[in-house]
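What the coordinates show
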Amino acid sequence: MSASAALSPDAQGSAARVSRTKKPRASKVRVQHKGAILAFVLPFGILFGLFYLVPIGYAVYESLLVIKREGTFGAATEVFGGFTQYILVFQNGPFWQSIGRVLMFGVVQVPVMLGLALLFALLLDSPLLRGKRFFRLAFFVPYAVPGVIAAIMWGYLYSPNLSPFRAVTENINFLSADLVLWSIANVVTWVYVGYNMLIIYSALLAIPTELYEAARLDGAGQLRIAWSVKIPLIMPAIVLTAIFSIIGTLQLLAEPQVFRSFSSAVTSTFTPNLTVYSTSSIPNFNLAAAFSVVLALATFILSFTFLKFTQRKETT
Amino acid sequence: MHMKRRAVAVALLTAATVALTGCATASSPDGTASADACAPSTGKVDLTFTTWIPGVEETVAVWNKANPDIQVKVQTGPNGNGGTYQNFFNQLKAGNAPDLGQIEYDALPNFRVQDGLTNLAACDGVLDAKSDFVDWTWGQVNFGEDKSVYAIPQDAGPMAMFYRADLFKANNIAIPTTWAEFATAAEQVRATGGYITNFSQSDINQFAGFVWQAGGEWFKNDGDNWTVDLTDPTTTKVAAYWQDLIDRDLVSTNPPWTDEWNNAYNSGSNWTWNSAAWGANSIASGAPDTAGKWAVAQSPQWKAGDKASGNWGGSSTAVFKGSKHPYEAAKFALWLNTSDEALTMLNKSANLYPAAKSGLELPALKAGVPFYGDQAIYDEFAIASAQVSPNFVWGPTMTQTYNDVSDGFKAAVSGKGTLSEALKVGQTNTIAAMTAQSIPVNK
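Here is what the cut-offs are and how they apply
Residues numbered from 1 in each chain as written. Chains lettered and ligands numbered in written order. Predicted model: local features only at pLDDT ≥ 70, side-chain atom pairs only at ≥ 80, totals over all residues. Helix = DSSP H or I, 4+ residues; strand = E, 2+ residues; numbered from the N terminus. Contact = placed C-beta atoms within 7 Å. Domains from an automatic or database assignment. Nonpolar A, V, L, I, M, F, W, Y, C, P; charged D, E, K, R; others polar. Buried ≥ 20, exposed ≤ 12 C-beta atoms within 10 Å, placed from the backbone. Pairing = 2+ DSSP bridges.

1. Let's talk about the overall build of chain A
- The number of helices and strands found in chain A is 15 helices and 2 strands.
- Taking as baseline every contact in chain A between residues at least 6 positions apart, the subset at least 24 positions apart corresponds to 69%.

Here it is, written out as structure tokens:
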């Protein structure tokens, strides 16, 4: 469902284009089948409301409450506290450090991952490569491994005494405070390169072959075609994967959580979502809700800014 | 890109929020010690019991067979801080907690302050059971109040020292009886290539056990205010001691409860473990290749000739707020934790060391244990159990305290900061966490 949210600006654009061209017919159809439309929309609407709007609304509501109690074991009552929890959020050093940490992670990891994904997609699409089917599958297989399993597996590979590559891990501690963030980045990259490659690759397949023919007639080689024809045409797909990646980065949870048992350097507030998780296990649900709302807003602002930025670049 | 992970996160959050949506701000008008009503139910009663004791199902089956009218269904989960407490808190907020749950002593104040526990004092036979249990364990469940019983003690974790008898003998190193000797022995062990022990960066309750043994007290509750004292001279002394061993690379610092950690014991590179009675099970399962080579001695003392022990862990069986059958639940909890039959079975399946006095006399706890070279190891724990100070009080936000101190300890073993600094941060954050929930605390 959040995928649809991230998709929406793009989807809206194309939907707007479609409705503009087919407007008269569409409105006629709508009048005729109101019941049917309702029947199709209702299941989505109900689930969307129940599992998306209501929980978000509840989180916002919880974040506005504070707890009052009398005595050392006094029973708690929740009362309206305005923005008290949000003030605590903005005063919370570890939370903002964790945001800074995942931003640093994103700035390095997302371009590396998408660069690799683009490279692999272009290679798969080029006539130079043999065994395309095999490579397409091979690149995609890590994504079929559940994220937690992948993290456990890499945890063992990094482990100084249990790794099959002890010659390396005994000398370089991949789980140390300096390196563990990048060790996690490596796991995330390993898992998601194939997935992003597939999105970009399918966009490449949608390019009409006449364009390549024309480019070749103009004397362009494979590299030139890739750079001047393919990449500009698949830019929307790359932007889409970038937005997914930005959102995913801010929401890192499973990998660092698994790495907590392998590494001394992963704290209970390593990523924003881990902070939310450990706050809710105090349990301080109100503060955890406020963290979540702030994190969601930060994610939204960042994705939206990125989208605006790239769109403006496209139009110029 | 991170679709799968996001899907998982979204599913988790949705599940959590749906659970939360069912919440009601249910709370009794006052939190003082007034026993909840406790009358028997009519007809057949079904109880749910969430626990992480290995093999508890067999013990409960015995109860179910003998009590057709009180049927108990067991749900197992990860250990408390590994996820079960979080589930309990969520379930309590959603109003669908199980009838009974396993809660370690250190988490009881946390559950009480969240109004999650039923005061069982009015239930049949519960107040009378006081004399059946080791004193300090009863102190943990009644919070020092005469008319309160918030859980039935189950097991205790008096601490002693597990050590590799064969290695100490072969290398001619004396078994340390004081912490000073322990440090000397640590140097000798290091000279052979091994480590005397592993300093556990995330078992803050083990460190608390060391402080407990040394006579420190982390929390006080005078009825009006909590006092937090993670930085008292005793705690600082214990922290400085271990910091020194870490600095001199005399103890290993593997993350506990991992394969890496097991491997260090299994391969003979770690020689001792100051742990609780239930730890006997952990070594036997984690280091199977070392069978027969271990022995148990009393923990090293701070002053030669002293007789003090700490405690690490130990659980109680609590009845959650909202249970419709506290009478039956209390009856089951008493049977589970006082009957010879249940205690014998639990000791066999999980090496549980009973909190009930009668349990300490069980034949199963008098016999020699083959893994420990046929030593009657529970005799050592019985001595330790009697030496545990009854004054140690746990705070009302231990999950948070553990998290914060553990973050600092982890940094300290990686060479950033010290254990004492971590405890200072823990002190500040604990007070902040209590203030955030308007729990009265002295600043």
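2. Description of the domain arrangement of chain A
All names here are of chain A.
- Looking at the assigned domains, one finds that chain A contains domain 1 (11-63) and domain 2 (84-315).
- For domain 1 versus domain 2, the distance between C-alpha centres works out to 30 Å.
- Facing 4 residues of domain 1, the contacting portion of domain 2 comprises 7 residues.
- Residue composition of the side of domain 1 that touches domain 2, grouped by class: 2 nonpolar, 1 polar and 1 charged.

3. Considerations on the pairing of strand E3 (residues 100-104) of chain B
All names here are of chain B.
- Counting buried residues in E3 gives 5 out of 5 residues, a clear majority hidden from the surface.
- Neither face of E3 is exposed, since Leu100, Gln102 and Glu104 on one face and Gly101 and Ile103 on the opposite face are all buried.
- Note: strand E1 (residues 45-51) against E3, 2 bridges, orientation parallel. Following the sheet pairing, Thr50 is matched in E3 by Gly101.
- The pairing of E3 with strand E10 (residues 315-319) spans 5 bridges and is antiparallel. Following the sheet pairing, Ile103 is matched in E10 by Ser316.

4. Re the sheet that holds E1(B)
All names here are of chain B.
- The 5 strands are arranged E2-E1-E3-E10-E4 in an open sheet whose pairing can be described as mixed. Sheet topology places strand E2 (70-76) and strand E4 (152-153) at the edges, where each strand pairs with a single neighbour.
- In this sheet, E10 lies alongside E4 in antiparallel orientation, the contact comprising 2 bridges. Residue pairing for E10: Pro153 is matched across the bridge by Ser316.

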